[in-house]
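Residues per chain, in single letters:
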Amino acid sequence: MSEANCAGCDDSGENASIQDTTPQPGENVTKQLTREICSNCVKDAFLSSAIITRSRGNGCFYCNELAYCFPIENLATLVDRVLAQQFVNVWPYPPAEWLDTLHDTDCPKPRTAFEVIQSLAPFHASVTSDITDILKRRYADPTCHIEGKRGDFDDDVKFVPAFITQGQWPQTWTKFEHALKYEARYFSQTNIDFLHEMFDGIDRHFTINGKPVVTKGGPRTRYKSLYRARVFQDFLKMNEALADPEINLGPPPHGIGQAGRMNANGISVFYGALQQRTALSEVRPPVGSYVVTARFDIIEPIRLLNLSALEKAVSNTDEVSRFNPSYEKYHSRILFLRSLRELMTRPVMPDDELTSYLPTQVIADYLSSRGEPQIHGIVFPSTQVAGKASNVVLFHKAARIATPSLTDIHSEGNFSRTVTLKLNRDSISIKKITANAVKFDDVSSLASILQNRTKF
Ligand SMILES: [Zn+2]
């Protein structure tokens, strides 16, 4: 990006020159280059540690403390690197590809260098101002040949975040799906590494509004009750089942349960919905059948991965600083995690269920067997109901239901399971299905299908 012997463009950080910083008579140059900044004034763990490592032990210009310091010129170089890698200069000469994105609702607002630098770390305004002045002067130097995306730091120059892709994650996901279906289902180190990397520190992620991606469930939380529905085609059998509702309205005993989106055949988990209507829609009852719905209260504190929140996750710069060279890789992973909701909840046709559910079943198993902090289930949007309807799966370890007789056939073989759910018997209601409303979109007509067919 710059000539090798141009001190102002040196991007090594630690080698930035401070020898030509003395103001000359008549020149409007400040002493910023000779100012030292301490590790306490940068408010960014990565930068603090960079200062401590390279410190020459001096007095801080900004807080007047005797602490680990390095020249503000060095900090400007680190900021410069972040600006070059993670931002694009779009004003006053907007690139065509940026103009193309202007109609997007999420197109970021261009910001001045000062505003962008201030957003990188909570610098004091005087620090940001000095860095901006240093960069402005550095790039205004006619001997400095810039080959980068921006030419200067004049006041009218504005930046937007550079487009970062999901990197290799989508391809790795495709390999993960393929391996599960056609190569190694149970023991694949590659897939285990993929899952480790994907979910590393998942409980430390938040949405832009500060909502956690791994949320609390149980008493006094939004996820304190779940509805289940069961279809009966025979009225007498339904009456028989209601004699023992905890067992017959809860999940089937282990070894018997059919495979589902989040469980393999024989692994008993608890599927529930946040709303009664969603539970009813999920069982897709045939006309003429009876549906029993019931509410189960979650009586123990649990933790749930919320796929809808994950879709809005943002990079946690407390976790990986923007100044860390790994930031782009980290941000790519966040972008991929945002797409996980869609990957894990896309509708599956009945003929495809066995293999199409493999990736989600494996992810559920993986999350269920994680160590501390534990995850007990997943909140995911309903594919049967449009809007914000949500379902919850509680993994086997959190799917034990309290029974009046204190016996529990579901605990067989795993006596350490905590009782997490309690049926509210007063909530049981019975409905007879009289008609199913089918919703659809018109996508084509016979004429257009025949017309398209002639093109091939
Ligand atoms: Zn300081």
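Because the structure is a prediction, the values reported are computed rather than measured. (Residues numbered from 1 in each chain as written. Predicted model: local features only at pLDDT ≥ 70, side-chain atom pairs only at ≥ 80, totals over all residues.)

### Remarks on the overall build of the chain
Scanning the chain from N- to C-terminus turns up 16 helices and 18 strands. With 456 residues in all, the chain has 30% of them scored as buried. The contacts in the chain between residues at least 6 apart in sequence include a share of 70% that link residues at least 24 apart. (Helix = DSSP H or I, 4+ residues; strand = E, 2+ residues; numbered from the N terminus. Buried ≥ 20, exposed ≤ 12 C-beta atoms within 10 Å, placed from the backbone. Contact = placed C-beta atoms within 7 Å.)

### Considerations on the sheet that holds strand S6 (residues 111–112)
Read from one edge to the other, the open sheet built from three strands follows the order S5-S7-S6, with strand pairing classed as antiparallel. The open sheet has two edge strands, strand S5 (87–91) and S6, and neither has a second partner. Pairing between S6 and strand S7 (residues 158–161): two bridges, direction antiparallel. Counterpart to Arg-111 in the pairing with S7 is Phe-159. (Pairing = 2+ DSSP bridges.)

### Some points on the packing of helix H4 (residues 113–120) against helix H5 (residues 125–140)
Orientation of H4 relative to H5, taken along the N-to-C sense of each, is 130°, at an axis distance of 9 Å. What the angle tells us is that H4 and H5 run oblique. Relative to H5, the crossing made by H4 is right-handed. Between H4 and H5, the residues in contact are Ala-113, Phe-114, Ile-117 and Gln-118 and Thr-128, Ile-131, Thr-132 and Leu-135, respectively. Partitioned by chemical class, the residues of the contact of H4 with H5 number five nonpolar, three polar and no charged. (Axes fitted to C-alpha atoms, helices over the stretch in contact; angles between N-to-C directions. Parallel < 35°, antiparallel > 145°, perpendicular 65-115°, else oblique. Left-handed = near helix turned anticlockwise from the far one by under 90°. Nonpolar A, V, L, I, M, F, W, Y, C, P; charged D, E, K, R; others polar.)

### Re helix H15 (residues 358–368)
Taken as a whole, H15 has its buried residues at Thr-360, Gln-361, Val-362, Ile-363, Ala-364, Leu-367 and Ser-368. In the core, the buried residues of H15 are packed alongside helix H6 (169–182), helix H7 (189–199), strand S13 (302–306), helix H13 (340–345), strand S15 (377–381) and strand S16 (390–394).

### Description of the nonpolar core
Val-269, Leu-304, Leu-305, Ile-378, Val-393 and Leu-394 are the most contacted members of the largest nonpolar core, which totals 45 residues. Membership of the second largest hydrophobic core comes to 33 residues, among which are Ala-76, Val-79, Val-90 and Tyr-139. (Core = buried A, V, L, I, M, F, W, Y, C linked by C-beta atoms within 7 Å.)

### Quick word on the confidence of the model for the chain
Per-residue pLDDT for the chain has a mean of 80; in total, 80% of the residues score no lower than 70. Of the regions scoring below 50 in pLDDT, residues 145–150 engages in 13 contacts with residues more than four places distant in sequence or in other chains. (pLDDT = per-residue confidence, 0-100.)

### Overview of helix H12 (residues 327–338)
With twelve residues, H12 extends 17 Å between its outermost C-alpha atoms, agreeing within 8% with the 16 Å of an ideal straight helix rising 1.5 Å per residue. When we look at burial in H12, the residues that qualify are His-331, Arg-333 and Leu-337. Taken down its axis, H12 places every buried residue within 155° of arc, on the same side. Those residues of H12 that are buried are in contact with H6, helix H11 (307–310), strand S14 (313–314) and H13. (Expected span 1.5 Å × (residues − 1). Arc of directions from axis to C-beta.)

### A word on unusual backbone geometry
Look at the link from Glu-372 to Pro-373: it is a cis peptide, with omega at -10°. With respect to the helices, strands and loops of the structure, Pro-373 is situated in the loop between H15 and S15. Positive phi values are uncommon outside glycine, yet Arg-220 reaches one of about 60°.

### Looking at the environment of Leu-280
Relative to the helices and strands, Leu-280 is located in helix H10 (residues 276–282). Looking at Leu-280, the number of C-beta atoms within 10 Å reads 22, which means it is buried. Residues Leu-280 and Arg-228, spaced 52 residues apart in sequence, show a C-alpha to C-alpha distance of 7.7 Å. Not counting residues within four places of it along the chain, the set of residues in contact with Leu-280 comprises Ala-229, Val-291 and Thr-293.

### Quick word on the packing of H6 against H7
At a minimum axis distance of 10 Å, the contact between H6 and H7 shows a crossing angle of 140°. The orientation of H6 relative to H7 falls into the category oblique. The crossing of H6 and H7 is left-handed. Here Thr-172, Phe-176, Ala-179 and Leu-180 of H6 come into contact with H7, specifically with Thr-190, Asn-191 and Phe-194.

### A look at the environment of Ala-67
As for its placement among the helices and strands, Ala-67 is situated in strand S3 (residues 66–67). Here Ala-67 falls in the partly exposed class, since 19 other C-beta atoms lie within 10 Å of it. Sequence separation between Ala-67 and Ile-37 is 30 residues, and the spatial gap between their C-alpha atoms is 8.9 Å. Not counting the four nearest positions on each side in its chain, Ala-67 is found in contact with Cys-38, Ser-39, Asn-40 and Cys-60.

### With respect to the environment of Gly-201
Assignment of secondary structure puts Gly-201 in the loop between H7 and strand S8 (206–207). Gly-201 sits 172 residues away from Pro-373 along the chain, and the two C-alpha atoms are 9.6 Å apart.

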